[in-house]
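One-letter residues, chain by chain:
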Amino acid sequence: MKKVKMVSTLVAVAALTLLCFSAAMPSGHGEAANAPGKKCDFVHGAHHAAHGPAMKPVEALQRIIEGNDAFVRKHDAGYYKAYATAQHPFVTMITCSDARVHPSVFINDPVDNVFVIRNVGNQIQNSCGSIDYGIYHLHTPVLLIIGHTHCGAVKAAMGNYMNESPCIVNELNGLHLPLKHDDGNGSFEERWLLNVERNVDYQVDFCIKKYDRLVNTGQLAVVGAVYDFINAYGRGEGRLVITNINGVTNPEWIKIAPFMKLVDENLKNTVVARKTGGH
Ligand SMILES: [Zn+2]
């Protein structure tokens, strides 16, 4: 027991030393040569806030620790008691890692409510164990797959990304199948949005097949959506546009889907929309 503790302490010290060393290393060495932001813009994003990447680690860490301190001060012990022994999410959410997309776009307090899986391009196959956990163990009634406008991952997958790090290339390769219906017609901006939608459709279709028993018995709704912060759909900035429910993509059919029956009629007309043809 003592030996195990000693070994883990040594490993921790070694990891810390390595961490400090790499933090002190100038960029351009080893992995740093492949650092995000050097090639295509999908990690840093063409639209990143100026303060993010410009911030030094020391400032960012201060912001994180002080941010958590403010959270701790705002909540008494009772707040945590409700979920001290178990989590109770009502939705499993797969979204892009993009900093502009968070569960807070559809719920005030995501804590204990949203089981979140995130990766570049909101993909299922590279995170399927986590998603299985949300569906099979947490039994969330909704699996929500969210793409978003101006998605850097989709944009990168539309171009040549072979100079990226092997890990990034591998991640973006997963978007090939979803984007195969891009015929190259229209402006880049139009194609970009259509491909975001196509990717969401692809991920929804994959999940319908994967969780067919739950879907067919009405226990699970697989919902595809696009978080639109540029008003590309004309439904206002910040709208979570519903584009697909259990493979139904025709907006008129989505509106009359049984899963939508509790949603206000006017709100349905606002939130259901598509750019690509639905069926
Ligand atoms: Zn994205």
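About the criteria used
- Residues numbered from 1 in each chain as written.
- Predicted model: local features only at pLDDT ≥ 70, side-chain atom pairs only at ≥ 80, totals over all residues.
- Helix = DSSP H or I, 4+ residues; strand = E, 2+ residues; numbered from the N terminus.
- Buried ≥ 20, exposed ≤ 12 C-beta atoms within 10 Å, placed from the backbone.
- Contact = placed C-beta atoms within 7 Å.
- Pairing = 2+ DSSP bridges.
- Axes fitted to C-alpha atoms, helices over the stretch in contact; angles between N-to-C directions.
- Core = buried A, V, L, I, M, F, W, Y, C linked by C-beta atoms within 7 Å.
- Arc of directions from axis to C-beta.
- pLDDT = per-residue confidence, 0-100.
- Expected span 1.5 Å × (residues − 1).

### With respect to the overall build of the chain
Thought 1: A count of helices and strands for the chain gives 11 helices and five strands.
Thought 2: Here the chain, with 279 residues, has 29% of them falling under the buried criterion.
Thought 3: At a minimum sequence separation of 6, the contacts of the chain that also span at least 24 residues come to 63%.

### Quick look at the pairing of strand 3 (residues 142-148)
Thought 1: Counting buried positions over the seven residues of strand 3 gives six, a clear majority of the element.
Thought 2: Note that strand 1 (residues 91-96) and strand 3 share five bridges and pair parallel. Across the sheet, residue Thr92 finds its bridge partner in strand 3, namely Leu143.
Thought 3: In this structure, strand 3 lies alongside strand 4 (residues 221-228), joined through seven bridges in parallel fashion. The residue bridging Gly147 from the neighbouring strand is Val226, located in strand 4.

### Comments concerning the sheet that holds strand 3
Thought 1: Spatial ordering of the open sheet is given by 2-1-3-4-5, a layout of five strands whose pairing is mixed. Strand pairing shows two members of the sheet lacking a second neighbour, strand 2 (114-119) and strand 5 (239-245), which therefore form its edges. Along the sheet, successive strands turn relative to each other by an average axial angle of 25°, direction set aside.
Thought 2: Here helix 5 (residues 128-137) sits on the sheet in contact with strand 1, strand 2 and strand 3, set at roughly 155° to strand 1.

### Side note on the nonpolar core
Thought 1: Ranked by internal contacts, the top residues of the largest apolar core, which has 45 residues, are Leu143, Leu144, Ile146, Ala153, Ala225 and Ile242.
Thought 2: For this core, the element with the most residues is helix 8 (residues 188-210), which contributes six residues.
Thought 3: Discounting residues that sit within four places of it in the chain, Leu144 has contacts with Val91, Met93, Val223 and Ala225.

### What to know about the pairing of strand 4
Thought 1: Counting buried residues along strand 4, seven of its eight residues qualify, which places the element largely inside the surrounding structure.
Thought 2: Of the pairings in the sheet, the one linking strand 4 to strand 5 comprises six bridges and is antiparallel in character. Across the sheet, Gly224 pairs through a bridge with Asn244, a residue of strand 5.

### A word on helix 7 (residues 166-173)
Thought 1: Among all positions of helix 7, only Ile168, Glu171 and Leu172 are buried. For helix 7, the arc enclosing every buried residue in end-on projection is 95°, short of the 170-degree limit, so these residues lie on one face. Turned more than 90 degrees away from the buried face of helix 7 sit Pro166, Asn170 and Asn173, all of them exposed.
Thought 2: Buried residues belonging to helix 7 abut strand 2 and helix 6 (152-157).

### A few points about unusual backbone geometry
Thought 1: The phi dihedral of Asp112 is positive, around 70°, even though this residue is not glycine.
Thought 2: The topology assignment puts Asp112 in the loop between strand 1 and strand 2.
Thought 3: Positive phi outside glycine occurs at Asn246, with the angle close to 50°.
Thought 4: Tracing the backbone shows Asn246 in the loop between strand 5 and helix 10 (251-255).
Thought 5: Taking the number of C-beta atoms within 10 Å as the measure of exposure, Asn246 has 22 and is therefore buried.

### Focus: the confidence of the model for the chain
Thought 1: Looking at the chain as a whole, its pLDDT mean stands at 86, while 81% of the residues score no less than 70.
Thought 2: Low confidence marks residues 1-38, where pLDDT is under 50. Its contacts with residues over four positions away, or in another chain, come to 11 contacts.
Thought 3: Residue range residues 43-50 is modelled with pLDDT below 50. Its contacts to residues more than four positions away, or to other chains, number nine contacts.

### A short note on helix 3 (residues 57-74)
Thought 1: Taking 1.5 Å as the rise per residue, helix 3 with 18 residues should run 26 Å; its terminal C-alpha atoms sit 26 Å apart, in good agreement.
Thought 2: With zero of its 18 residues buried, helix 3 lies for the most part at the surface.

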